[in-house]
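Observations on the three-dimensional arrangement
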Amino acid sequence: MTRDELQKNIVTILVDEFEFENPGLTDNLRDDHGFDSIDAIELLAKIEEMLGFQISRKEKEKAMSIRTINDILDYIETIQAAHKG
Amino acid sequence: MKRRVVITACSAITPIGYGKNDIIESLRQGRSGVKPLRDDGLLTERIHSKVFGTVDYDIDYGFARKDTKTMGPVAYYACQVAKDVLADSGLDQDFITSGRLGVSFSSTHGSPTVQRNIYKTFFSKDKAEFSSIGAVDYLKSMVHTTAVNITRMFGITGRVVASSTACTTSSQSIGFGYEMVKFGMQDAMICGGADEYDTTTVAVFDNLLACSVDYNDTPQCTPRPFDVNRDGLVVGEGGAAVLLEEYEHAKARGATILGEVIGFSCNNNGGDLILPNLDGITTTLRLALDDAEIKAEDVDFISAHATATKMGDVIESQAIDAVYGNGPWVAGLKSYMGHTMGTCGAIELILSLYMMEQGFLAPTLNLETVDERCAMLRHVREVTETETRIAAIQNFAFGGVNTCLLIADGRP
C-alpha cells in the first residue's frame, strides 16, 4: 500500500470510526481530537484488519509514542517493511 | 459530625416512563410497563417466563463518541439520569470537579450485553474473532462501569462507591452516599443504579422457579405482589439517580429541596443466600428507624420490596407487621414495571418522592385478592389522595442483604 493509499484509509477510519473533524496530518491527536490510549488500542486493531496481518506486542508498544497522523503513517510503513522483510 | 442530607434532584428511566410527568401519569392511570420478552436469539426460547419490564421508548442521549466509547447499554441509562440530575440541580462546574462531589452508583453485573459478546469468542475457533474482544470491552462490562462513566463524562473527582449487591445495589448506593454526606466525607453524591435488558437474569430466576409464567399472554397482569394468584417476579430494566446534598450547602445556594434522607440501615441474614429471612428483615426495618431517630408510627408509607414471589411477600408482610402493625400504607411498586434489579431501590425511592410531592399514593397493581398471609397490612388498593411526610423504601437481595431507606418530604 502506498503512502497516499494509507493516508486515505487512515483518514477515513479516523473520520468514520473516531469522529475526527477535518483532520490535519500534523494535528496533535490528543489535544486536537481527544484521541486517547483506548483509541490507540482500537486503532491498532483497525490497522491490523487493514493490513491483513497481526502486529506483534513489541511493535504495538512502539505505537504509544504516536502523536500525529504523519506518525501513524510512518509507523505503518515501518511495520509493513518489517513484515515484508 | 452528623449532617442533614437532602435530595436536590432526581431522574428515572423506567418501564412506565422517563421523567416525572410520564411516571406520575402511569402511576395514576395504573399503566403497566411489563411487555412480552424480546427475542435475543439465545435464551428467550428456552425461558418459561415470557414477560419483561421493558423500556420500549426512544431516548435522545446526545452523548459524544469520546464518552460512548467506554459505555455499554447500562452506562447509557446511568449517564443519562446522572446528566439529568446535574442539570436539574444547578450545581456549578467548579463544585462538580472540586472533589467534594462523589458518585455512588452501580448495576447488578456491568453490561451483560458486552459480556455476552466476549463469551461468544470463547467458543469460536476463529482467531480473528478472538482478537475482536475490544480494548474497551472491560470498561463497558466491569461492575463499576456505570459509576466511572459518570465521573468521566462530567469530570467528577470525588469518591466512587460501586456496591453491586443484586437487588439492593441502588438502595445501598443511596444509603452509602447518604452516609458519605452525613459524616462529612463528601458534600454531595450522585447515587443510583441501572440495569439493561438482559435475558440471562431472567433465566437465572426462571431456573429457580421464581419467575412469573402464568401471565405470558397478559403481561400487564403480572407481577402481582401480595395477591393470592401471584406466581413470581418479572425482571425489568431501567436507570435512576438522585443527588444527595448536605442541607446547609443546598440551602446556601438556594437549591430546591425535594426531600430528605433521614435514615438508612443495611444488614445481612448471616446464612442462606436466597431464602428471605424474617429476623434479618425485621432487624433491618428497626435499624433504619433507630438511625432516623423516629418511631414506627411516624412512618406514613412503605414501599415494600414485594417482588411477588410466593414466600418473599409473606415474610416481608410479617416483618412489616412486627415493626409497624397496620399503621402505614403499603404498596409494592414493582407491580408496575417488574423487578428492575440493581435499579429498583432508586426507582422506588423516586416514585415515593413523586407521590409525596403530589399528595397521593398509587395502589399495588394487580392486587385483586390479598393473600390472607399478607392481609394484616394496610394495602393501598386504589389511588389514594393522602399526605405522606415520611416513607420507608425496603429492598432485599440474593446474598441475604437487606436495606431500608427512610425519607421525609421536602418541607422545611
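For the structure, see preceding data.
Structure report, in brief. (Residues numbered from 1 in each chain as written. Chains lettered and ligands numbered in written order. Predicted model: local features only at pLDDT ≥ 70, side-chain atom pairs only at ≥ 80, totals over all residues. Heavy atoms only, no water.)

All right, on to the interface of chain A and chain B then. One frequently used descriptor of interface size is the decrease in accessible area upon assembly of the parts. The interface is formed by ten residues belonging to chain A together with ten residues belonging to chain B. Taking both partners together, chain A and chain B bury about 760 Å²; carbon and sulfur atoms supply 50% of that area. Linking chain A with chain B are four salt bridges. Notably, a salt bridge pairs R152 of chain B with D36 of chain A, separated by 3.7 Å at the nearest N-O pair. At the junction of chain A and chain B, the tally comes to four residue pairs in polar contact (both at pLDDT 80 or more). Partitioned by chemical class, the residues of the side of chain A that touches chain B number three nonpolar, two polar and five charged. (Contact = heavy atoms within 4.5 Å. Buried area = accessible area lost by both parts, 1.4 Å probe. Salt bridge = Lys/Arg side-chain N within 4 Å of Asp/Glu carboxyl O. Polar contact = N/O pair within 3.5 Å; in protein donor to acceptor, adjacent residues only side chain to side chain. Nonpolar A, V, L, I, M, F, W, Y, C, P; charged D, E, K, R; others polar.)

Phi is mostly negative for residues that are not glycine, and the peptide bonds are mostly trans. The peptide bond linking T222 of chain B to P223 of chain B adopts the cis configuration, its omega dihedral lying at 5°. Its identity is not glycine, yet E19 of chain A carries a phi of approximately 55°, on the positive side. With respect to the helices and strands, the residue E19 of chain A is situated in the loop between α1 (3-16) and α2 (29-33). Non-glycine residue M341 of chain B carries a positive phi angle of around 55°. Take M341 of chain B: it is sitting in the loop between β11 (329-331) and α14 (344-358). By relative accessible area, M341 of chain B is classed as buried at 4%. (Helix = DSSP H or I, 4+ residues; strand = E, 2+ residues; numbered from the N terminus. Buried < 20%, exposed > 50% of the residue type's maximum accessible area, 1.4 Å probe, protein only.)

Counting across every chain of the model gives eight aromatic pairs over all chains. An angle of 55° between the planes, with centres 5.7 Å apart, marks the rings of F63 of chain B and Y76 of chain B as tilted. On the criterion of sequence distance, the pair formed by F63 of chain B in the loop between β4 (51-53) and α2 (65-68) and Y76 of chain B in helix α3 (residues 73-89) is long-range, its members being 13 residues apart. Judged by relative accessible area, F63 of chain B falls into the buried class, the value being 15%. Assessed through its relative accessible area of 24%, Y76 of chain B is described here as partly exposed. Among the aromatic residues, ring-to-ring pairing joins F18, F20 and F35 of chain A into one connected group. The positively charged end of R28 of chain B is found above the aromatic ring belonging to F360 of chain B, 4.0 Å away from the centroid. (Phe/Tyr/Trp six-rings, centres within 6.5 Å; stacked < 30°, edge-to-face > 60°. Lys NZ or Arg CZ within 6 Å of the ring centre and 35° of its normal.)

In terms of residue burial, helix α8 (residues 145-154) of chain B counts as a mostly covered element, since eight of its ten residues are buried. Considered for burial, the residues of α8 of chain B that qualify are T145, T146, A147, N149, I150, T151, M153 and F154 of chain B.

Mapped onto the fold, S317 of chain B is located in helix α13 (residues 312-324). The contact partners of S317 of chain B, leaving out residues within four places of it in the chain, are F226, R373, C374, M376 and L377 of chain B.

As a further point, take a nonpolar patch on the surface. Residues V204, L208, L273, I274, L275 and F398 of chain B make up a contiguous nonpolar surface patch of about 540 Å² in total accessible area. Of note, I274 of chain B is situated in the loop between β9 (259-268) and α12 (278-292). (Patch = residues over 30% accessible without salt bridge, like charges linked within 9 Å, V, L, I, M, F, W, Y side chains within 5 Å. Areas by Shrake-Rupley, 256 points an atom, 1.4 Å probe, with all protein chains shown as cover.)

Below, the discussion takes up the nonpolar core. All names here are of chain B. Counting 44 residues, the largest nonpolar core has L27, V242, L244, L349 and I407 as its most contacted members. Broken down by element, the residue count for this core peaks at nine residues, all from α14. Residues in contact with L27, not counting those within four places in the same chain, are I16, Y336, L351, M355, F360, A362 and V383. (Core = buried A, V, L, I, M, F, W, Y, C linked by side-chain atoms within 4.5 Å.)

To continue, consider the packing of α1 of chain A against helix α3 (residues 37-51) of chain A. Residue and element names in this part refer to chain A. Viewed as axis vectors pointing N to C, α1 and α3 meet at an angle of 135°, and their least axial separation amounts to 11 Å. Comparing the axis directions of α1 and α3 gives the class oblique. Considering only the axes of α1 and α3, their crossing is right-handed. Here L6, N9, I10, I13 and L14 of α1 lie close against α3, whose contacting residues are L43, K46, I47 and M50. Its residues assigned to classes, the contact of α1 with α3 shows seven nonpolar, one polar and one charged. (Axes fitted to C-alpha atoms, helices over the stretch in contact; angles between N-to-C directions. Parallel < 35°, antiparallel > 145°, perpendicular 65-115°, else oblique. Left-handed = near helix turned anticlockwise from the far one by under 90°.)

Bringing the pairing of strand β15 (residues 390-397) of chain B into the picture now. All names here are of chain B. Within β15, eight of the eight residues are buried, which leaves it mostly tucked inside the rest of the structure. Alternating residues of β15 divide into I390, A392, Q394 and F396 and A391, I393, N395 and A397, and every residue in both groups is buried. Note that β15 and strand β16 (residues 401-409) share eight bridges and pair antiparallel. Of the residues in β16, the one forming a bridge with Q394 is C404. The antiparallel pairing of β15 with β16 creates a hairpin that spans three residues between the two strands, and G399 there sits at a positive phi of about 100°. (Pairing = 2+ DSSP bridges.)

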